[in-house]
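Observations on chain architecture
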Amino acid sequence: MSLGLGWKLHGDGNLSGPDDVVAPDERLGWGKTVGLGAQHVVAMFGATFVFPLIMGLNAQLAIMMSGIATIAFLLIVQGRVPSYLGTSASFVGAVVAIRAQEGATSATVTGAILVAGVVLALVGLLIHFLGSAVLHTVLPPVVTGAVVMLIGFNLAPVVANIYWPQDQWVALLVMTFVIICAVAFKGFVGRIAIFLALIFGYVLSWLFDKAFGQITAYDAGAGKITTHFRTNFQGVKDAAWFGFPPHTEIVAGKEIVGWHAPSFSMAAILLVIPAVIALIAENTGHVKAVAEMTKTDLDPVMGRAIAADGVGTVLASAVGGSPTTTYAENIGVMAATRVYSTAAYFVAAFVAILFGLSPKFGALVASTPGGVLGGITVVLYGMIGLLGAKIWKENGVDFANPINLVPVAAGIVIGIGNVTLKFSDSFSLTGIALGTIVAIAAYHLAKALAPRELRDRAAAAGVPGGTVLTVGGTETYGDSDGIDDLYQGDERR
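Quick caveat, the model's predicted, so the values are computed rather than measured.

**A short note on the overall build of the protein chain**
Counting its secondary structure elements, the protein chain contains 21 helices and 10 strands. Across the 493 residues of the protein chain, 55% fall into the buried class. Expressed as a percentage of contacts within the protein chain between residues at least 6 apart in sequence, the contacts between residues at least 24 apart total 77%. Carbon and sulfur atoms provide 67% of the accessible area of the protein chain, an area that totals close to 19700 Å².

And the structure:
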């Protein structure tokens, strides 16, 4: 197939047994394909609309644009890499920092994200034409892991100061539910723990309203501490069933975010560029995982996949949507079903677009209680940070070597601590941006100045040359390793 369309029917359209495998260019009967597409929607759903809420963007628009971005991705990779593009968490820290700046709006946020998407697309093109060795020389695993870690852990104050205090007991119970659901249930249920936690949190908040009445806490809708019920469905009742996401408006001095044109600020752009490194790591790991499962060499299409993710981010942010990335949750669905057909992803994309055309759905998402988000984000932000440690572990990074230890130690503390380097009254580097620059620049400086024996140790440790990034690409998919496939390759955004 030339554009990822025109699938061959797999056998008679049915699975012949538990070990039967459906290739990316094949499909089952359309009834079963639609069912599989629905599974992919459930898998991506929770995170795809939680992260826009956290970033202050419109979740209804994000869901719709995730479908459009997925279709673009599948066409660009010519159907060779079955993946869903959902909302990326890698930008959350930078978006929080942008919104802390005076005069920053959602247009400032999406403008910066759009530029990051362009950069990611260009990096993908370079990898496609020059090979990945050049990129991994500049961004070895020790540096990539550090950047991913500081992006995640930089968000800890957001949980502590914004979401958790809105309803600490609901947040605690939702957090506990996420942990239990993720580890106690094997297979698909564990994969959708975030989505199930949202439902649990909604029900719990409603029950608390009935049992204990109103709470006095910070109200994100009002922007101040008020006495209010945890749940409020009036907006859901008033919203229409069908219609485009709303346009961004200013009501009583407060921004009600919807679709909008981006605006560009150099200070904001510098804050989000480090997220590109995290997206490169994510996409690389996910493509490797898909290659393992399908027993296909996807290295020739690696650059194309990274570029396609950049294009997806550009398309989404151009209208005010959220940044995108390939989703490990959907890779887990493929591991469970052994159905790698891209037809199911096209179905999932069209379903997401339909959800995005329902204002009632958007109002329901926007009414998510703050305590529910508190319980979810405390887990998600930590998982983002620990993915950095996973990159180090899987690539055998040697922290007994000061070339690896000292530079990234400085970068991580700067990023997590939100350290600021002020150049003038109008320009400064802070937190994630400064930490990323320090980690990269200091690493290469240390490597250039270090004695030969330390450089040789760095090259010998882990992967030969220390330049090949692995994120979840070393697992054996199938039954031969005795490990449930859904617990492998579990990279989270």
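**Some thoughts on the packing of aromatic side chains**
Tallying each qualifying case throughout the model produces 3 aromatic pairs. With centroids separated by 4.4 Å and ring planes inclined at 5°, the aromatic side chains of F177 and F200 adopt a geometry described as stacked. Within this pair, whereas F177 is found in helix α8 (residues 168-184), its partner F200 is found in helix α10 (residues 193-212), the two being separated by 23 residues in sequence. Accessibility expressed as a relative area gives 23% for F177, which makes it partly exposed. Taking the relative accessible area as the measure of exposure, F200 reaches 28% and is therefore partly exposed. Here the aromatic rings of F208 and F212 are separated by 5.2 Å at their centres, their planes lie at 85°, and the arrangement is edge-to-face.

**Here's the deal with unusual backbone geometry**
Among all residues except glycine, the phi angle is most often negative; among peptide bonds, the trans geometry is most common. A positive phi angle, close to 55°, is found at Q78, a residue other than glycine. What makes Q78 partly exposed here is its relative accessible area of 32%.

**A short note on the environment of G145**
Along the chain, the position of G145 falls in helix α6 (residues 141-153). Looking at G145, the relative accessible area reads 0%, which means it is buried. Spatially, the C-alpha atoms of G145 and I391 are 5.3 Å apart, while their sequence positions differ by 246 residues. With near-sequence residues (within four places) excluded, G145 lies in contact with G388, I391 and W392.

**As for the environment of L28**
When you line up the elements, L28 lands in the loop between β2 (26-27) and α1 (30-55). Residues L28 and N14, spaced 14 residues apart in sequence, show a C-alpha to C-alpha distance of 5.8 Å.

**Describing the nonpolar core**
If you look at the biggest cluster of nonpolar residues, it comprises 86 residues, and the most contacted ones within it are V50, F51, F73, F91, V92, I376 and Y381. No other element matches helix α2 (residues 59-76), which puts 9 residues into this core.

**Let's talk about a nonpolar patch on the surface**
Together, V118, L122, L125, L126, F129, L130 and V134 make up an exposed nonpolar region whose accessible area comes to about 700 Å². Broken down by element, the nonpolar patch gets its largest block of residues, 6 residues, from helix α4 (residues 106-130). For L126, the position within the fold is in helix α4.

**Re α4**
Here α4 is 25 residues long and its end C-alpha atoms lie 36 Å apart, about the 36 Å a rise of 1.5 Å per residue gives. G131 sits one or two residues past α4 and shows a positive phi near 90°.

**Here's the deal with the packing of α6 against helix α19 (residues 402-417)**
Direction vectors running N to C along α6 and α19 enclose 20°, while the axes themselves pass 9 Å from each other. As judged from the angle between their axes, α6 and α19 are roughly parallel. As for how α6 packs across α19, the hand of that crossing is right-handed. Residues V142, A146, M149, L150 and F153 of α6 form the contact with α19, whose own contacting residues are N404, V408, G411, I412, G415 and I416. Within the contact of α6 with α19, the residues separate by chemical class into 8 nonpolar, 3 polar and no charged.

**Side note on the environment of I162**
With respect to the element layout, I162 can be found in helix α7 (residues 156-163). For the pair I162 and G374, spaced 212 residues apart in the sequence, the C-alpha separation amounts to 8.0 Å.

Calculation criteria
- Residues numbered from 1 in each chain as written.
- Predicted model: local features only at pLDDT ≥ 70, side-chain atom pairs only at ≥ 80, totals over all residues.
- Heavy atoms only, no water.
- Helix = DSSP H or I, 4+ residues; strand = E, 2+ residues; numbered from the N terminus.
- Buried < 20%, exposed > 50% of the residue type's maximum accessible area, 1.4 Å probe, protein only.
- Contact = heavy atoms within 4.5 Å.
- Areas by Shrake-Rupley, 256 points an atom, 1.4 Å probe, with all protein chains shown as cover.
- Phe/Tyr/Trp six-rings, centres within 6.5 Å; stacked < 30°, edge-to-face > 60°.
- Core = buried A, V, L, I, M, F, W, Y, C linked by side-chain atoms within 4.5 Å.
- Patch = residues over 30% accessible without salt bridge, like charges linked within 9 Å, V, L, I, M, F, W, Y side chains within 5 Å.
- Salt bridge = Lys/Arg side-chain N within 4 Å of Asp/Glu carboxyl O.
- Expected span 1.5 Å × (residues − 1).
- Axes fitted to C-alpha atoms, helices over the stretch in contact; angles between N-to-C directions.
- Parallel < 35°, antiparallel > 145°, perpendicular 65-115°, else oblique.
- Left-handed = near helix turned anticlockwise from the far one by under 90°.
- Nonpolar A, V, L, I, M, F, W, Y, C, P; charged D, E, K, R; others polar.

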